[in-house]
Amino acid sequence: MPSKLPEDRMLKGQLPSTGKDVAPHLGPPPTNHGQDPERTPVLPLTFPAQISNEDPEAKAKPFTPKPPPQPRLERALSLDEKAWRRRRFRTSPEDLAAGSGAGGSRGSLQDEVPRPPGPPGSPPCLSTSLQEIPTSRRAQDSAGGSPSSWGHCISGMISTSLDLLHRDGAVAGTSVRLPPVDPKVAPESLRPTHRVDSGPVDGKPHLQSRLFRAHSSLGPGRPPSPLVCEARSSFSLLAPIRAKDVRSRSYLEGSLLASGALMGAEELARYFPDRNLALFVATWNMQGQKELPPNLDELLLPAEADYAQDLYVIGVQEGCSDRREWETRLQETLGPRYVTLYSVAHGALYMSVLIRRDLIWFCSEVESSTVTTRIVSHIKTKGALGVSFTFFGTSFLFITSHFTSGDGKVSERLLDYSRTIQGLALPKSVPDTSPYRSDAADVTTRFDGVFWFGDFNFRLSGGRVAVEAILKQDLVEKVSTLLQHDQLTQEMKKGSIFKGFQEPDIHFLPSYKFDIGKDSYDTTSKQRTPSYTDRVMYRSRHKGDICPVRYSSCPGIKTSDHRPVYGLFRVKVRPGRDNIPLAAGKFDRELYLIGIKRRISKEIQRQQALKNQHSSTICTVS
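Because the structure is predicted, anything quoted here is derived from the model rather than measured.

Asks: Would you explain the overall build of the protein chain in this entry?
Replies: What the protein chain contains, in helices and strands, is 17 helices and eleven strands. Out of the 622 residues in the protein chain, the part that is buried amounts to 43%. Here the analysis covers contacts within the protein chain between residues at least 6 apart in sequence; of these, 70% occur between residues at least 24 apart. Carbon and sulfur atoms make up 54% of the accessible area of the protein chain, which totals about 33,900 Å².

In structure tokens, the structure reads:
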């Protein structure tokens, strides 16, 4: 019988001197077949309950831990980084099966690290938490004499594994997070300076006094985890909300300074740090053609724009007979990142508003109004259609119009303009953001940003021959010369139309009138004069809030005698109040799903065509 070693030596995992080399045992502890298997199936894993400060031998002979024997080191060295990454967790099915005696792998770290003990009377097994040591077994060994050699073997294996884990983590350049150790039970070599985790000690779930998110470090007395910032940036864009902030924040209805307000400055800064909204506005006279272009990328996603816009507003005059098909094509082209916020028609006038689905929550209810300028006509081909809503704290008004046609009918077109600004009854229930600046006789004064676009039908004066002679000049020179003959430019200088409005600089050829499917202007017997009939105007209540980025036409879309004209803008957005009626995330879901199905179907057809093209190659040998 070997002499009893000091208790501090047993805690360091030193094997007793038996005169033999004790081989490390990596399997289950030896069983005692001579006793009741339900009471004592295995030899206990024991440690002394407490190191006595009065032990004279411990004071006189301080002990320095020795490195483990070579067989243990070779066994632990096989635990490479790949095996460590394949470690099991305590809640995995394999771990539960191994804990119940169903077997399992003996080549992972779970064999060296103790597990939580089962219910009373069950054999003690190795736990994934180093702080778990059965109290009953410890008391028995303290009373019965020296601990078993199995306990020393396990203790030495634990020390070796932990040292190797530290070393492997340093070599790989990654931090290894070790399980916590109870300082009252574990030996000094396993006691960490600072506790990293506060897991259960007895293997049973504890009722926590407070609940914390898994990736947060908001708990009192809990050191911040190095994974907190990484988890927030990798797994979620939503920052955790402190419960005390919810209880103590001052949420005043309609206040611009309220913390957490949906339309407030804090929320606006999250989505638009520079407070600039990317806006796309387009107008197109379809000439009532049933055939739509095979591709609308040139219109909605021009090559000059590196990024898609936040908001798309498209107005159509003399629209196609199948309005739903047109709206479906718009949704299909922009894809699932956009939703149709609103669409409305007034006879042959169509307007569609599409917005990024992330921004739909910051829109008020969308309102619309119409004006018919040709009363005697049963078919509403001439008139105006207005759509308005508030985005955060900035109110928008979009108007698409089709004025009276004819080279010499300037006065009729001026009358159409006057009827429109007086007849559009907007806004309705959404409050005006600046009522003291509004004019009851002019709808365009009641909104922060107004965009008026359509087929205004203003022509180039001077006749067909004079215009054709100018078109033969250089592009820059001929555009500036053509605008000198533009009726709309002349009327705006007089102040008789579009008061307070501006137009981006024109750098494209006249958008009317072309032969369908060709790049040549009207070659019919009417010989209509090429003109800038399709225009986009804008007006801002606050100077400098609207900045035009690009203003152009789409020469590649040739299904009508008009070319589509579009404008890209940057619009300053201001924070708003939460007391306005919100759209509550409403959009055309049916149209959204149809657009997605169309995109999927076309992609499948494209891939099938490529597959057939590769498989259709035939080799012949003559």
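Asks: How do you make sense of the packing of aromatic side chains when you look at a structure like this?
Replies: The description of an aromatic ring pair rests on the distance of the ring centres and on the angle between the ring planes. This model, assessed by the stated rule, comprises 27 aromatic pairs. Seen in terms of ring centroids, Tyr312 and Tyr338 are 5.6 Å apart; in terms of plane orientation they differ by 85°. Their pairing is edge-to-face. With Tyr312 in strand β2 (residues 311–317) and Tyr338 in strand β3 (residues 338–346), this residue pair connects regions lying 26 residues apart in the sequence. For Tyr312, a relative accessible area of 0% translates into the label buried. Following the ring pairs from residue to residue traces out a cluster consisting of Phe389, Phe396, Phe398, Phe451, Tyr538 and Phe569. Directly above the ring of Phe458 sits Arg413, whose terminal nitrogen or CZ lies 5.0 Å from the centroid. Against the face of Phe514 rests Arg563, its NZ or CZ located 3.9 Å from the ring centre.

Asks: Teacher, can you tell me more about the packing of helix α12 (residues 323–334) against helix α17 (residues 589–615) here?
Replies: The relative placement of two packed helices comes down to the angle between their axes together with the axis-to-axis distance. Where α12 meets α17, the closest approach of the two axes is 8 Å, and the angle between their N-to-C directions is 65°. Regarding α12 and α17, the two cross each other, and that crossing is right-handed. Contact with α12, carried on its side by Arg324, Glu325, Glu327, Thr328, Arg329, Gln331, Glu332, Thr333 and Leu334, involves Glu590, Leu591, Tyr592, Ile594, Gly595, Arg598, Arg599 and Lys602 of α17 and no other residues of that element. Partitioned by chemical class, the residues of the contact of α12 with α17 number four nonpolar, four polar and nine charged.

Asks: Where do I start with the packing of helix α14 (residues 464–471) against helix α15 (residues 475–483) in this structure?
Replies: Between α14 and α15, the shortest axis-to-axis distance is 8 Å and the interhelical angle comes to 150°. What the angle tells us is that α14 and α15 run roughly antiparallel. On the side of α14, the interface is formed by Val467, Ile470 and Leu471, while α15 contributes Lys478, Thr481 and Leu482. Of the residues belonging to the contact of α14 with α15, the class tally is four nonpolar, one polar and one charged.

Asks: Sorry, what's going on with the sheet that holds strand β1 (residues 276–285) here?
Replies: Where strands meet in a sheet, backbone hydrogen bonds hold them as pairs that are either parallel or antiparallel. In space, the six strands of this open sheet follow the order β3-β4-β2-β1-β11-β10, with mixed pairing throughout. Two strands in the sheet have a free side with no partner beyond their single neighbour: β3 and β10 (546–553). With strand direction ignored, the average angle separating the axes of adjacent strands in the sheet is 15°. Pairing analysis gives seven bridges linking β10 to strand β11 (residues 565–572), with the strands arranged antiparallel. Bridge pairing links Arg550 to Leu568 in β11.

What counts and what doesn't
Residues numbered from 1 in each chain as written. Predicted model: local features only at pLDDT ≥ 70, side-chain atom pairs only at ≥ 80, totals over all residues. Heavy atoms only, no water. Helix = DSSP H or I, 4+ residues; strand = E, 2+ residues; numbered from the N terminus. Buried < 20%, exposed > 50% of the residue type's maximum accessible area, 1.4 Å probe, protein only. Contact = heavy atoms within 4.5 Å. Areas by Shrake-Rupley, 256 points an atom, 1.4 Å probe, with all protein chains shown as cover. Phe/Tyr/Trp six-rings, centres within 6.5 Å; stacked < 30°, edge-to-face > 60°. Lys NZ or Arg CZ within 6 Å of the ring centre and 35° of its normal. Axes fitted to C-alpha atoms, helices over the stretch in contact; angles between N-to-C directions. Left-handed = near helix turned anticlockwise from the far one by under 90°. Nonpolar A, V, L, I, M, F, W, Y, C, P; charged D, E, K, R; others polar. Parallel < 35°, antiparallel > 145°, perpendicular 65-115°, else oblique. Pairing = 2+ DSSP bridges.

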